[in-house]
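Observations on chain architecture
Here is how the chains run, residue by residue.
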Amino acid sequence: MIKTLRELSTGESARTVGFYDPYTENLLKKFGLFVGENVKCVARANMMVIEFNLMTVALAKTLASKVFIK
Amino acid sequence: MKTYGSRRKILLAGQPNVGKSSLFNALSHKYAIVSNYPGTTVSVSELSTEIGVFVDSPGIYDFSEQGSDDAEVTKQLLQTADVVINVASARTLERDLLLTRQLMQMNLPMILVINQMDEAEKNGITIDDEKLSKKLGLKVIKAVAKKRIGVTEIIAALKNNDARRPSARDIKRTSAEQFIGQLHRQKVIIRRKPPFGKGLKHALDRALFHPYAAWVIALLILFLMFKILGVYVAGNIVDSTVSFMDSFYIPYLKLVVSKIIENELLQDILLGEFGLLTMEVKTVFGILLPLIVGYYVIMSFLEDSGYFPRLSVLTDGALSKIGLNGRAVIPILLGFGCGTMGILATRILATKRDRTIATAIIGIAVPCAAQQAIIVAMLSYVSDSRVWLIYVFIMLSAAFITGRVLDIFLKGKSSELLMDIPPLQMPSARNCVKKTLFRAFDFMREMIFIFTPTCVAMTGLNRVGFLALAQEYLAPVVQDMLNLPKEFANIFVMGILKKDAASVGLLDIAGIGTTNVLTNAQILTATVVLSLFVPCINALVVIFRENGWKAAAALWIASFFISILVGWMVAVGLNLLDASYGLGELK
Ligand SMILES: Nc1nc2c(ncn2[C@@H]2O[C@H](COP(=O)(O)OP(=O)(O)O)[C@@H](O)[C@H]2O)c(=O)[nH]1
Ligand SMILES: [Mg+2]
C-alpha cells in the first residue's frame, strides 16, 4: 500500500516510490533522497527526521506529505 | 589561463559541511571557521601560497538554487577561478557527486577530493577511487582533512597540473538517478553495513530527537552554561581580574603615567572617568574578554558536536509561531555571542523574509555575551528569583512580539525546513581553541577600534558639559519614567556607540559589590532597558550592509522606543507590584 512519508511513525522503515511533483523531487534529490531509497523515521515533532544511507535529514511535514512510500 | 594577481586561483567548492574549510586550513595554515553544521563559511577566506591562491567558499547544494546568497557568491567565485578542487564527503558521496556533475559542466580544470574517508571506513563504505576517476575523467584523491591526510597528494596534483578540464558529454546523457544507479551497480561505491547504527552515540542521538528528553537536555545545557559563565567566569575569574585592576593596575598606572604626562587634557583622556588606559582597559580586558572567551569556548564545543542542527529540529515548532523555522536557532544562538556574528549567520536562512525576522529579533531582543555577563552580574545581586523570571519573561515576550508583528506585516510565508543533520561527534579541542582565539581576536579588534574613539568622545562630551546637560534633559525619561538615577543618562549616550561596553557602567552606577544604591526594581528596569536598547554600531553596520539602510534605521528607531517603553512599563508595573508584594524592597 502506498502512503506518504508523513504517515511513517517513529522507528518505522519504508521504501520511497515517488514524489508529488518535480519541485519536491528536485529538492530532495539535492539531499540525496531518490526513488527506491530505504528510509527510516527517526523522530516526529513539528517536523520529521528521517535516515537513509548514512544521512539524516529533517524536513517539514508539509514536505513529507509530498513523498510517497511503500 | 586567467590570472589572479600573478597566481592562479584555486577554489574549494562543494556541498555544505563536507569539510571544505577544514581542507582549506590543512592546505594553508590560515584559519577558516569550521563548525559541524551547514552554512558556517559565510565570508570567503583566501590564502596565497607558492602554488596559487586558495579560496574557501560557502557550501552549496545546487547551482540552480534561486535567491541563495551562497550559490551566488560561489557562482561568482567560479567565474574567476582557474582551478576547482571539488570537495565531497565519503559519507554522502552519491549526493555530492550530483554537484560534481554540475561543476564539471562549468568546463574548469578540476580535481575531486573525497574527504571524511575516516567516516567511510567506520561505516562500511568502500569507494573505488580508480573506477570513479575513470568514470568521471577526473583526478580523484581521498582525504581526511582533519588529520591532514591527502594534503600532500592534493598539492602534488596541483603542481603537476593534474587538474583536467572534464568532458561533460557523458553527463548530459545520463540522468542523476541513472548515474547513482551505475555507481552502485559498477561497485564504485559499496555500502556494506546496515546503515542504522547502535551504541552510546546512537542512544544520545535518539535522545536529542526525543520530544521530551531533548527539552530536558536543552535546559540542562542552558543551566550548565549559566553555571559556568554566570557563576564561575563572572563570579570568580572576572571578580579577581577586576579587583586586580582596581587595587593594583589602576592606582600604579595613574601614579606612573601622571608623572610622565603633564598635560591635563591628555591625562583626562588616558586616566579619567572614561580613560583609555583605565576604564577602557578594565572594561575590555578585565571584564569582557574573560566572559567572551568563556562563551566562545562553550559555543565552539556545541558547534563542533553537531548539537545545533538537532536543536533546530527541537525548536522548529516554537519558531514557526514567529514566522521562522528551526534553522533560525543557529543565528539567534550566535547572536547571544555577538550580534554581528548572529546577523551575518542569518545568511543560512532560505528567504529574505526569514532573514529579516531573525535579524530584527537579534537586534532587539538578543543581548550579546558581554551584555549577558553584566545582566547576570546585576541580577545575581538580587536574591529574589522572581526577578529572574520576570526578566526572562519580558525578553521572551519582546522576541515573540517582534517576530509576530513582522510575521503579520511581511508578505509571504516562512520557508519549509529541509536540512541536513550531520553526525554527532566529539568536538576537537584543537578546533575549539583555534576558533575561540580567532573569534576573541576579532572581538578585541572590533572593540578597540570602536571603543577607543567612543571613550575619547565621552571624555570630550564630559569636559564640555554635554553629559551633565544630557542628564538634565533626559531626567524626565530616566528619573520620572524609568525611576532610575540620573547618571543612567551616560549609559544611554555611550550605549548608542557601544552598548556592550556601556553596560559595564551600569555596575558602577549600581554600586554593585560596594554601596548597592539601586533597589531590585531599579536593577530590573535598568537591565531590561539596556537589553532592549539600540544595537551597537558594529551590528548596525552589518545590518546596513546586509539589509539596507531602511532596515537598519527602522530597527534602530524601533529598539530605541521599545526599550524605553518596555522599561517604563516595567517601572510602573513593579511599582504596582511593590505595593502588594514588596518586590522592590527585597534584598
Ligand atoms: N570525520 C571527519 N570529519 C571531518 C573531516 N574534515 C572535516 N570534518 C568535520 O566536518 C565538519 C564540517 O567541516 P567544515 O570544514 O566546516 O566544512 P565546510 O562546511 O565544507 O567548510 C566539521 O565538524 C569538521 O570537524 C574529516 O576528514 N573527517
Ligand atoms: Mg566552510
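Look up a bit, the structure's there.
Calculation notes
Residues numbered from 1 in each chain as written. Chains lettered and ligands numbered in written order. Predicted model: local features only at pLDDT ≥ 70, side-chain atom pairs only at ≥ 80, totals over all residues. Heavy atoms only, no water. Helix = DSSP H or I, 4+ residues; strand = E, 2+ residues; numbered from the N terminus. Rg over C-alpha atoms; globule rule 2.2 N^0.38 Å. Buried < 20%, exposed > 50% of the residue type's maximum accessible area, 1.4 Å probe, protein only. Contact = heavy atoms within 4.5 Å. Areas by Shrake-Rupley, 256 points an atom, 1.4 Å probe, with all protein chains shown as cover. Lys, Arg positive; Asp, Glu negative; His and termini not counted. Charge placed at Lys NZ, Arg CZ, Asp CG, Glu CD. Phe/Tyr/Trp six-rings, centres within 6.5 Å; stacked < 30°, edge-to-face > 60°. Lys NZ or Arg CZ within 6 Å of the ring centre and 35° of its normal. Buried area = accessible area lost by both parts, 1.4 Å probe. Salt bridge = Lys/Arg side-chain N within 4 Å of Asp/Glu carboxyl O. Polar contact = N/O pair within 3.5 Å; in protein donor to acceptor, adjacent residues only side chain to side chain. Pairing = 2+ DSSP bridges. Axes fitted to C-alpha atoms, helices over the stretch in contact; angles between N-to-C directions. 1 Å grid on protein atoms, 1.4 Å probe; cavity = no way out; pocket = protein on both sides within 12 Å on 5 of 7 lines; lining within 4 Å. Points joined across faces, edges and corners; volume = space filled by probe spheres on them. Nonpolar A, V, L, I, M, F, W, Y, C, P; charged D, E, K, R; others polar.

Things to note about the overall build of chain A
When you go through chain A residue by residue, the secondary structure sums to two helices and six strands. Secondary structure elements in chain A, listed N-terminal to C-terminal, are β-β-α-β-β-β-α-β. Relative to the compact-globule value of 11 Å for 70 residues, chain A shows a C-alpha radius of gyration of 10 Å, a close match. Considered along the principal axes of its C-alpha atoms, chain A spans approximately 25 × 25 × 20 Å. By the burial criterion, 59% of the 70 residues in chain A qualify as buried. Restricting the contact set of chain A to residue pairs at least 6 apart, pairs at least 24 apart contribute 56%. Accessible surface computed for chain A: about 2800 Å², of which carbon and sulfur atoms make up 51%. Of the side-chain charges in chain A, 10 are positive and 6 negative, and the distance between the mean point of each set is 2 Å.

Brief notes about the packing of aromatic side chains
Residues and elements named next belong to chain B. Tallied over the full model, the rule gives eight aromatic pairs over all chains. Looking at R101, its charged tip hangs above the ring of F179, at a distance of 4.6 Å from the centre. Note that R439 overlies the ring of Y296, its terminal NZ or CZ placed 6.0 Å from the centroid.

A short note on the environment of V17(A)
All names here are of chain A. Structurally, V17 is set in strand β2 (residues 13-19). Along the chain, V17 and A43 lie 26 residues apart, while their C-alpha atoms are 21 Å from each other. Beyond its immediate sequence surroundings of up to four residues, V17 is in contact with I2, V35, F68, I69 and K70.

Things to note about the interface of chain A and chain B
Contacts between the two partners involve 27 residues from chain A and, on the opposite side, 30 residues from chain B. Buried area between chain A and chain B, summed over both chains or domains, comes out near 2800 Å², and the portion from carbon and sulfur atoms is 65%. A salt bridge links E51(A) to R206(B), with the shortest nitrogen-to-oxygen separation between them at 3.4 Å. At the boundary of chain A and chain B, one finds four residue pairs in polar contact (both at pLDDT 80 or more).

With respect to the sheet that holds strand β3 (residues 38-44) of chain A
In spatial order, the strands read β1(A)-β6(A)-β2(A)-β3(A)-β4(A)-β5(A)-β9(B); together these seven strands make up an open sheet with antiparallel pairing. Every interior strand has two partners, whereas the edge strands, β1 (3-4) of chain A together with β9 (418-421) of chain B, have only one. Bridging between β3(A) and strand β4 (residues 47-52) of chain A involves four bridges; their strand directions are antiparallel. Bridged to R44(A) within β4(A) is M48(A). Most of the contacts of helix α13 (residues 307-320) of chain B go to β9(B), to which it runs at about 145 degrees, and overall it touches β4 and β5 (55-60) of chain A together with β9 of chain B.

A look at the layout of surface pockets
Space left empty within the atom packing is revealed by a probe, the size of a water molecule, rolled over the atoms. Residue and element names in this part refer to chain B. Estimates place the volume of the largest pocket at around 1700 Å³. What lines the largest pocket is a set of 43 residues, and nearest its centre among them are L222, L333, F336, V392 and L396. Those elements giving two or more residues to the lining of the largest pocket turn out to be α10 (213-260), α12 (276-305), α13, α14 (329-335), α16 (352-365), α17 (369-379) and α18 (385-409). With 11 residues, the single largest contributor to the lining of the largest pocket is α10. Of the volumes computed, that of the second largest pocket is approximately 1000 Å³. Considering every element that reaches the lining of the second largest pocket, the biggest residue donor is α10, with 11 residues. Among the residues forming the lining of the second largest pocket, the class breakdown is 24 nonpolar, 11 polar and seven charged.

Distances and angles like these do not, on their own, reveal function.
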